[in-house]
Amino acid sequence: MKKVVLILSFIAFLIIVAIGTLSQKDEEPTTMMKLREKFSKSEKLSVDHSQFSVLQKKFNSPQEVTKACETCHNKSAEQIMAGNHWNWEREEYVEGRGIIYLGKRNAINNFCIGTTGNEQSCAKCHIGYGMDSEGKVYTDKENIDCLICHDNSETYAKANEQGGAPVSTLDFAKIAQSVGKPKRSNCGVCHFYGGGGNNVKHGDLDMAMFEPTKELDVHMGTDGMNLVCVDCHQAEQHNISGKLYSLSSMNRNRACCENCHTAAPHDDDILNEHTLKVACQTCHIPIYAKANATKMYWDWSTAGKLKNGEPYTEEDSMGNHAYMSIKGTFKWEKNVKPDYVWFNGTASHYLRGDVIKDTSKTLVLNQLHGSYADDESKIYPVKIHIAKQPYDPVNKILIQPKLFAEEKGEGAFWKDFDWNTASEIGMKNAELPFSGKISFIETEMYWPVNHQVASKENVVQCNECHTRNDSRLAGLKDFYLPGRDSSSIVDTLGKWLLILTVLGIFAHAVLRIYSVRKLKKEVVK
Amino acid sequence: MSKKLVYIYRSFERFWHWMQAILIFFLAFTGFEIHGSYQFFGFREAVRYHNIAANMLIGLVVFAIFWHLSTGEYKQYIPTFENIKAQLNYYIFGIFKNAPHPTKKTVLSKLNPLQKIVYFGLKIMVIPLSLTSGLLYMFYRYPTKHGVEAINIETLEIIAIAHTIAAIFLIIFIVTHLYLITTGETITSNLRAMLMGYEEIEDSGKVNVTNENLSTQKLE
């Protein structure tokens, strides 16, 4: 009787537990469910710009459109002109350097090197019109290019090498009436082509992201949630969140996965624990440059070769430029496994005019800070772009050459192919000394891998890092990683101890068998 | 002297022994996969199984400690140096000459002096090392953030290596233990005793071992 009661009460307990655990799951909507709901709702617009009379006219210049915009949005110019899309620089505090102003205006990269002296061409990606190297554009609010970001007709386009002016044949009225929230195409037209071509710089942002599949990017896939850039890169007063550490030193105004997904989004505690030291991107972006190759290596030192006095280009097997007389030799890669670094959100940069301490080593242009011991650091995936670029071996500073000019004879490298004059003019524009000597130094630049997030079935698996050989994290040696690391002394001693034990047992057993036989024989005798 | 079938290992003791054997074997198998020695379940599954088995082992150990203390059986494991030389001599020489076991197994003293020392060592050194390092491994938080601030360990390295050392000792123990099972009265008598609980023991004639006499009061 006692037993029956015990068994029955145990079964009752099990049933209660089972009901409790099963029913819990249905009630609370998960973060993912909430997000899906939020982003499946289609937005109802509060304004239809096509009905405003101020936009129902023929515009003769893009500046006229801007004026029309500003009749209603009469304070927006102040927001724009305080922002980095306009100024091409930001105020940054860097430890050891103090407050600096850093951005496209003065940074040196290892792609097209820098904007100084080349503004006419570079300004194709400036949100203004009529930029010249004297910076006149920065005070004139009529020169704000509203349309590059807000055109929703997908017909607006900036002209090449016109200081940021649009193509002159556009129907400005139609474009002005279409304006709205930036689409993928508004952002992508600049951000997908940075460095002078599709996917040159980022690796995770390229023209395939205009209309990506879910397989390419789980968030932005048109066959999936169909998010656009500004869903994550939200803006407040035209200040758009999310910064690129190639040009920013401080950890602020980020667009993070955690903003939507929370800091502990997994069901599995062990995975959640990883988020203390591992960034989401590290596991959720196993490869980048999935649709189109990205540039991994750029050798400026071979630039300037001519065929019959004319510049030429060569292509690699994927159809990307392998050599260009104006730029040198390139290496491209597709479906690239990222490199991994510790990163706490801060970086230090090589600034124009900085003296290179050791010219025998690779110069890192944007050193990311972080280590295992640093509380704020996590492991992040990066693209590392390596280049050989010109520097002045006497003054030990990187050269900012004059690359672009409209005509031959102005000394620009892309027209005259002479490093000496291009460097001399470029350095003069940048107000930097130049010794007249040119050499080439290997430089490294780190690029964030944040996009082209994989679906959860395709994320990095545990054993891709937790493995003895070929671990994804093989380069990060400042901590003990289970499965990858072990103490070779303990392992070797342990192995020998085991071997000796087994040998000892074997010897003992053989002796026992032998002695038993001997004893038996003696007994028989 | 006559021989008698004696109930020597009680049911909890046998359950504990075999459960522990299975768990330790499984923990070693999954543990060395996590260690990177081979691949079988895959890292993620190995970690999951290892953690489940570890929790079961901790539960078992808690029960076993309670059992040992409440029955007084822990006294079996208090090491003695008496007869230790004779026991060593037996394994090194006597066993080859068919000499008798120097230590008589009784219900009140089931372990020979070598066993006492080794098991005692396991109980106060290896198992605690394995369990504490294992618990730290499990509940270890990366430096400070969100973690148990009191246990702010700079690196996992020391924990992991201590855990590996304990595991190696356990494996050496198990291998040796498996062999020494065969050195009883007959090759299988020790194994049979641990499975069924009964073993043929030489009847000394002094104590008439019956089930009533198995009471632990005798130990005191």
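Please read these numbers as outputs of a predicted model, since none were measured by experiment.

1. Overview of the overall build of chain A
Inference 1: Scanning chain A from N- to C-terminus turns up 17 helices and 15 strands.
Inference 2: Against the globule reference of 24 Å for 525 residues, chain A gives a C-alpha radius of gyration of 31 Å, more extended than a compact globule.
Inference 3: Looking at chain A as a whole, 34% of its 525 residues qualify as buried.
Inference 4: Taking all contacts inside chain A whose residues are at least 6 apart in sequence as the whole, residues at least 24 apart take part in 66%.

2. Side note on the interface of chain A and chain B
By a frequent convention, interface size equals the accessible area lost on bringing the separate parts together.
Inference 1: Contact with chain A, which involves 28 residues of that partner, is made by 29 residues of chain B.
Inference 2: Broken down by secondary-structure element, the contributors of at least two residues to the side of chain A that touches chain B are α16 (462-465) and α17 (488-524) of chain A.
Inference 3: In terms of residues, the side of chain A that touches chain B owes the most to one element, α17(A), which gives 11 residues.

3. Overview of unusual backbone geometry
Glycine aside, residues mostly have negative phi, and peptide bonds are mostly found in the trans state.
Residue and element names in this part refer to chain A.
Inference 1: Even without being a glycine, Asn-335 presents a positive backbone phi close to 50°.
Inference 2: Checked against the element boundaries, Asn-335 lands in the loop between β8 (328-333) and β9 (339-343).
Inference 3: Phi at Phe-417 takes a positive value of approximately 55°, unusual for a residue other than glycine.
Inference 4: In this fold, Phe-417 is placed in the loop between α14 (413-416) and α15 (419-429).

4. So, helix α3 (residues 62-72) of chain A
All names here are of chain A.
Inference 1: Taken as a whole, α3 has its buried residues at Pro-62, Val-65, Thr-66, Ala-68 and Cys-69. For α3, the buried positions fall inside an angular range of 160° around the axis, keeping them on one side.
Inference 2: On the buried face of α3, the contacting elements are α7 (147-150) and α8 (172-178).

5. Some points on the pairing of β8(A)
Across a regular strand the side chains alternate sides, sitting on one face of the sheet and then on the other.
Residues and elements named next belong to chain A.
Inference 1: Bridge analysis of strand β5 (residues 294-299) against β8 gives 5 bridges, and the strand direction is antiparallel. Counterpart to Asp-299 in the pairing with β8 is Thr-329.
Inference 2: Bridge count for strand β7 (residues 321-324) against β8 is 2 bridges, and the pairing is antiparallel. Bridge assignment links Tyr-323 to a residue of β8, and that residue is Thr-329.

6. With respect to the packing of helix α4 (residues 113-139) of chain B against helix α5 (residues 157-180) of chain B
All names here are of chain B.
Inference 1: It is the contact of α4 with α5, at a shortest axis distance of 8 Å, that shows an interaxial angle of 140°. Comparing their axes, α5 and α4 come out oblique. Two packed elements cross with a definite hand, and for α4 against α5 that hand is left-handed. Facing α4, whose interface residues are Leu-122, Val-126, Leu-129, Ser-130, Ser-133, Gly-134, Leu-136 and Tyr-137, α5 presents Ile-159, Ala-160, Ala-162, His-163, Ala-166, Ala-167, Phe-169, Leu-170 and Phe-173.
Inference 2: When the residues that make up the contact of α4 with α5 are grouped by side-chain class, the tally is 13 nonpolar, 4 polar and no charged.

7. Looking at the nonpolar core
Residues and elements named next belong to chain A.
Inference 1: By size, the foremost hydrophobic cluster in this structure holds 56 residues, and its most contacted members are Val-341, Tyr-380, Leu-403, Ala-412 and Tyr-446.
Inference 2: Mapped onto this core, the elements with two or more residues apiece are β8, β9, β13 (378-392), β14 (397-398), α14, α15 and β15 (439-448).
Inference 3: If you tally residues by element for this core, the top one is β13, at 5 residues.
Inference 4: Not counting the four nearest positions on each side in its chain, Val-341 is found in contact with Leu-368, Gly-370, Tyr-380, Val-382 and Tyr-446.
Inference 5: Of all hydrophobic cores here, the second largest spans 19 residues; its members include Val-65, Ile-80, Cys-149 and Phe-172.

8. Side note on the pairing of strand β1 (residues 90-94) of chain A
Residues and elements named next belong to chain A.
Inference 1: The sheet contact formed by β1 and strand β2 (residues 98-102) spans 5 bridges and is antiparallel. By the bridge assignment for β2, Glu-91 is matched with Tyr-101.
Inference 2: Hairpin connection between β1 and β2: a loop of 3 residues separates the two successive antiparallel strands, and Gly-96 in this loop has a positive phi of roughly 90°.

9. Things to note about the confidence of the model for chain B
Residues and elements named next belong to chain B.
Inference 1: Within chain B, residue pLDDT values average 83, and 85% of them lie at 70 or more.
Inference 2: Considering only residues more than four positions removed or in separate chains, one finds that residues 205-220, a stretch of pLDDT under 50, has 14 contacts.
Inference 3: Predicted as a complex, the structure gets a pTM of 0.88 and an ipTM equal to 0.84.

10. What about the domain arrangement of chain A?
Residue and element names in this part refer to chain A.
Inference 1: If you check the domain split of chain A, you get domain 1 (55-88 + 126-180), domain 2 (182-465) and domain 3 (487-525).
Inference 2: Taken over C-alpha atoms, the centre of domain 1 sits 27 Å from the centre of domain 2.
Inference 3: The interface is formed by 12 residues belonging to domain 1 together with 9 residues belonging to domain 2.
Inference 4: Of all the secondary-structure elements, those providing two or more residues to the side of domain 1 that touches domain 2 are α4 (76-81) and α7.
Inference 5: Here the side of domain 1 that touches domain 2 is composed, by residue class, of 3 nonpolar, 6 polar and 3 charged.

What counts, and where the lines are drawn
- Residues numbered from 1 in each chain as written.
- Chains lettered and ligands numbered in written order.
- Predicted model: local features only at pLDDT ≥ 70, side-chain atom pairs only at ≥ 80, totals over all residues.
- Helix = DSSP H or I, 4+ residues; strand = E, 2+ residues; numbered from the N terminus.
- Rg over C-alpha atoms; globule rule 2.2 N^0.38 Å.
- Buried ≥ 20, exposed ≤ 12 C-beta atoms within 10 Å, placed from the backbone.
- Contact = placed C-beta atoms within 7 Å.
- Arc of directions from axis to C-beta.
- Pairing = 2+ DSSP bridges.
- Axes fitted to C-alpha atoms, helices over the stretch in contact; angles between N-to-C directions.
- Parallel < 35°, antiparallel > 145°, perpendicular 65-115°, else oblique.
- Left-handed = near helix turned anticlockwise from the far one by under 90°.
- Nonpolar A, V, L, I, M, F, W, Y, C, P; charged D, E, K, R; others polar.
- Core = buried A, V, L, I, M, F, W, Y, C linked by C-beta atoms within 7 Å.
- pLDDT = per-residue confidence, 0-100.
- Domains from an automatic or database assignment.

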